[in-house]
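Chain by chain, the residues run as shown.
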Amino acid sequence: MTRRDNPLSAGSFAVVTGASSGIGLELARCCAAKGCDLLIASDEPEIEAAAIELRKTGVDVRAIQVDLSTLEGVDRLVAASAGRPVDCLLANAGRGLGHGFLDENFTQAKLVLDTNVTGTIYLIHQIGSRMRARGWGRILITGSIAGFMPGSYQAVYNGTKAFLDSFSMALRNELKDSGVTVSCLMPGPTDTEFFERADMLDTKVGQGKKADPAEVARIGFEAMLDGEGDVVAGWKNKLQVAVAKVTPASLLAEQHRKMAEPGSAKP
C-alpha cells in the first residue's frame, strides 16, 4: 500500500489550529482516531483541556495557546513543532464579527482579517514550503459557503472567507504534481460558539438550525485524505452554493441581510 493510498498512519504528525472547540476540536479528534500525533493551537486557555482529552486516545499531543492573528504567534506555533515534519496542516482558526461594518470596532474587524487571512496564509506559507520540499503533505483550509455571498452585517467575515475559498484553489493548482494537496472545507452555519462570539445571537442565522460540527469535520477530514479540492458540507449548503453562483450579487446581499441583520431573529 502506497502513501497515496494510505496518507495517514500511526505516528503521522498533524497541526490543527482553532482546536479548543467546534470544528477544530472535531478535526483534531479525527486525526487522533487515525493515530496521528498532534500539535494543537488556539488563543484560548481551553486548548489545554482539549489536549488532555485527546491524549486519552494514546497519541502524543502538544498544545499551545497562541495568537495566530500575528506573525509572531504563527512563528511560535511553527517553532513548537520542533522541526518535526508535518504530514497534515488543518488551518481552521478563524473569527467572526456581526453588525454593520461602520458600527463595528475597527480593531475587532482588523482582528478578524488578521486571523482569518494574514495568519492563515502565513502559517500555510511556513509549513507548506516544508511540505513541498519533502514532496508530501496534506493541507485543509476551513473556508465557508459565506464566501459565495456578499455578507451584509458580516461584511469583513464573508470577505475573508471569499479570499480563503479562492486562495485554496489557486494554491492547489500551483502545487499539483508536488505531492502536496490543498483542500478547502466550506461549511454553512454550524453548531459552535461562533455566533455567540460574533455577537450574532439575535440574528435569524444565529437562532436557526445548524450542522453538527463532528459531521462537518468528518466530511472535511475525509476530503483532505482523499486529496479533494473543495467540499461543501451538507446538501442544503451545496444547493445554496449552486444558487449563489447564478444569483446577482445585489440580491445575495439583500438575502444575507435578512439572515444576519441585528434583531432579525425577532418574529
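If you're wondering where the values come from, they're calculated on a predicted model, not measured in any experiment. (Residues numbered from 1 in each chain as written. Predicted model: local features only at pLDDT ≥ 70, side-chain atom pairs only at ≥ 80, totals over all residues. Heavy atoms only, no water.)

**A word on the pattern of salt bridges**
Pairing of side chains with opposite charge becomes possible as their charged atoms draw close. Stated precisely, the cut-off is as follows: We define a salt bridge as a contact between a side-chain nitrogen of Lys or Arg and a carboxyl oxygen of Asp or Glu at a distance within 4 Å. Counting from the N terminus, the helices are the DSSP runs of H or I reaching at least four residues and the strands are the DSSP runs of E reaching at least two. With a 1.4 Å probe rolled over the protein chains alone, any residue whose accessible area is under 20% of its type maximum counts as buried; one over 50% counts as exposed, and the rest are partly exposed.
Inspection of the entire model under this criterion finds 11 salt bridges. Linking Glu53 and Arg29 is a salt bridge whose minimum nitrogen-to-oxygen distance equals 2.7 Å. One end of the pair, Glu53, is in helix α2 (residues 47-55); the other, Arg29, is in helix α1 (residues 22-33), and 24 residues separate them in sequence. Among the residues examined, Glu53 registers a relative accessible area of 31% and is labelled partly exposed. When its relative accessible area of 30% is taken as the criterion, Arg29 is described as partly exposed. Between Arg197 and Glu193 there is a salt bridge, with its nearest N and O atoms 2.3 Å apart. Overall, Glu193 belongs to the partly exposed group, its relative accessible area being 39%. Linked by salt bridges that have partners in common, Glu26, Arg29 and Glu53 make up one network.

**Remarks on unusual backbone geometry**
Despite not being glycine, His99 has its phi angle at roughly 80°, a positive value. Within the secondary structure, His99 sits in the loop between β4 (88-91) and α4 (106-134). Phi angles above zero are rare outside glycine, and Asp177 is one such case at about 70°. Relative to the helices and strands, Asp177 is located in the loop between α5 (155-174) and β6 (180-186).

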